[in-house]
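Commentary on secondary and tertiary structure
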Amino acid sequence: MTPILLLGAGRMGGALIDGWRKAGAFALSDLMVRDPHPTTELQALAGLAVNPPDEELGRAKTVLLAVKPQLWREAAAQAAPHLAPDAVIVSIAAGVSAADISRAFGGRHVARVMPTTAVAIGQGTASLYAADPDARARAHALFAPVASVADLDDEDLMHAATGVSGSAPAYLYAFVEALEAAGVAAGLSEDVSKTLARSTIAGAAALLNASGEDPAELRRQVTSPGGTTQAALEVLMADDGFGPLLEKAVAAAVRRSKELG
Ligand SMILES: NC(=O)c1ccc[n+]([C@@H]2O[C@H](COP(=O)([O-])OP(=O)(O)OC[C@H]3O[C@@H](n4cnc5c(N)ncnc54)[C@H](OP(=O)(O)O)[C@@H]3O)[C@@H](O)[C@H]2O)c1
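All values reported here derive from a predicted model rather than from experimental measurement.

Here we look at a nonpolar patch on the surface
Judged by side-chain polarity, Leu172, Tyr173, Phe175, Leu179, Leu236, Met237, Phe242, Leu245 and Leu246 come together as a nonpolar surface patch covering roughly 790 Å² of accessible area. As for its placement among the helices and strands, Leu246 is situated in helix α12 (residues 242–260).

Some words on the confidence of the model for the chain
Of the residues in the chain, 100% have a pLDDT of 70 or more, and the chain-wide mean is 97. The ipTM assigned to the predicted complex is 0.99, against a pTM of 0.97.

Focus: the layout of surface pockets
In this structure, the largest pocket occupies an estimated 2,500 Å³ of space. Around the largest pocket, the lining comprises 47 residues; the ones closest to its centre are Leu172, Ile201, Ala204, Ala205 and Leu208. Per-element tally for the lining of the largest pocket: the top contributor is helix α9 (residues 190–211), with eleven residues. When its residues are assigned to classes, the lining of the largest pocket shows 34 nonpolar, eleven polar and two charged. The volume enclosed by the second largest pocket comes to roughly 1,100 Å³. Contributing elements (two or more residues each) for the lining of the second largest pocket: α1 (11–23), α4 (72–79), β6 (110–115), α7 (157–166), α8 (168–185) and α12. When the residues that make up the lining of the second largest pocket are grouped by side-chain class, the tally is 19 nonpolar, twelve polar and six charged.

Topic: the site of the ligand
Close to the ligand lie 22 residues, the nearest being Met12, Asp35, His37, Val67 and Lys68. Here Lys68 contributes a side-chain N or O atom positioned 2.5 Å from an oxygen atom of the ligand. Relative to its unbound accessible surface of 890 Å², the ligand loses 81% to contact with the protein. Placement of the ligand is best described as lying within the second largest pocket.

Describing the UniProt feature "binding site: NADP(+)" (unreviewed entry) in the chain
Within this numbering scheme, the UniProt entry marks Leu7, Gly8, Ala9, Gly10, Arg11, Met12, Ala66, Val67, Lys68 and Pro69 as carrying the feature "binding site: NADP(+)" (unreviewed entry). A stretch of 63 residues holds the annotated residues, and the largest C-alpha distance among them is 13.9 Å, short enough that they meet in one place. The subset of these annotated residues that lines the second largest pocket comprises Leu7, Gly8, Ala9, Gly10, Arg11, Met12, Ala66, Val67, Lys68 and Pro69. By secondary structure assignment, the location of Ala9 is in the loop between β1 (4–7) and α1. Taking relative accessible area as the criterion, Ala9 reaches 5% and is therefore assigned buried. Apart from the residues lying within four places of it in its own chain, the contact partners of Ala9 are Gly14, Val33, Arg34, Asp35 and Leu42. Residues in contact with Gly10, not counting those within four places in the same chain, are Ala15 and Asp35.

Conventions adopted
Residues numbered from 1 in each chain as written. Predicted model: local features only at pLDDT ≥ 70, side-chain atom pairs only at ≥ 80, totals over all residues. Heavy atoms only, no water. Patch = residues over 30% accessible without salt bridge, like charges linked within 9 Å, V, L, I, M, F, W, Y side chains within 5 Å. Areas by Shrake-Rupley, 256 points an atom, 1.4 Å probe, with all protein chains shown as cover. Salt bridge = Lys/Arg side-chain N within 4 Å of Asp/Glu carboxyl O. Helix = DSSP H or I, 4+ residues; strand = E, 2+ residues; numbered from the N terminus. pLDDT = per-residue confidence, 0-100. 1 Å grid on protein atoms, 1.4 Å probe; cavity = no way out; pocket = protein on both sides within 12 Å on 5 of 7 lines; lining within 4 Å. Points joined across faces, edges and corners; volume = space filled by probe spheres on them. Nonpolar A, V, L, I, M, F, W, Y, C, P; charged D, E, K, R; others polar. Near = heavy atom within 4 Å. Polar contact = N/O pair within 3.5 Å; in protein donor to acceptor, adjacent residues only side chain to side chain. Sits in = over half its atoms within 2 Å of the grid points. UniProt positions renumbered as here; feature names shortened; annotations may be inferred. Buried < 20%, exposed > 50% of the residue type's maximum accessible area, 1.4 Å probe, protein only. Contact = heavy atoms within 4.5 Å.

Put into structure tokens, the structure is as follows:
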């Protein structure tokens, strides 16, 4: 399983290292990072090998491919010649198929994972596909300490998982931005609107998680017949409201995921 080599330690690679550290999942001495511009925070972590020499890469048992989909071939070409023949590749690159990755890494076994940035606080979600059982187990071991893992049995579903999960935190943040702006339009100061919108959404998400209730039931609990919420929901859940809008948004993400592959 270890040492683990991260090819790329940007937003998601960095979030994973944060999450693993908080969870005590792996010792820093079991991690190696290859990145052209490692952050000063990463470089300051005692025990973490940042940009080790090529000869060291052969020690890695698991390789996490965490570069942008547009750059993955370059990262693979640089690292593959130095890896051990039995190193397992775990890719989080959106859209890129396991078969293409395996070919670029000399036929090594590959797992694919689509995580969310909340791995940084141990509350991520990770959709996982691997044809090879050992690669699947390896990917589970990487992500289970920091995420709820959803196993997919069809690689094609990784596109949908990206649209519904990997990208979705950004949809919620966009919603909060819009709610804050709407609060200001309704007369609140920016500060008060920010506080109300952020705290309300964070509390509502925590309640969804803690209660185990369906979102529809939680929605009904807020909605007094003939009241204020109903008036707003008649706008948000109209024929051109959230339902069709999110369907279109997820379809756009799925299309883009397929293009990236
Ligand atoms: N961010 C998310 O929420 C998220 C969620 C799920 C999956 N993903 C996937 O995760 C991957 C990384 O996304 P990200 O958001 O973390 O991107 P990012 O912030 O750009 O991180 C990628 C890192 O890889 C580095 N890099 C570039 N070329 C490299 C090479 N040849 N070898 C090693 N490292 C190299 C980049 O350095 P430079 O910046 O100096 O080029 C950067 O630090 C993508 O494939 C994306 O589809 C991201």
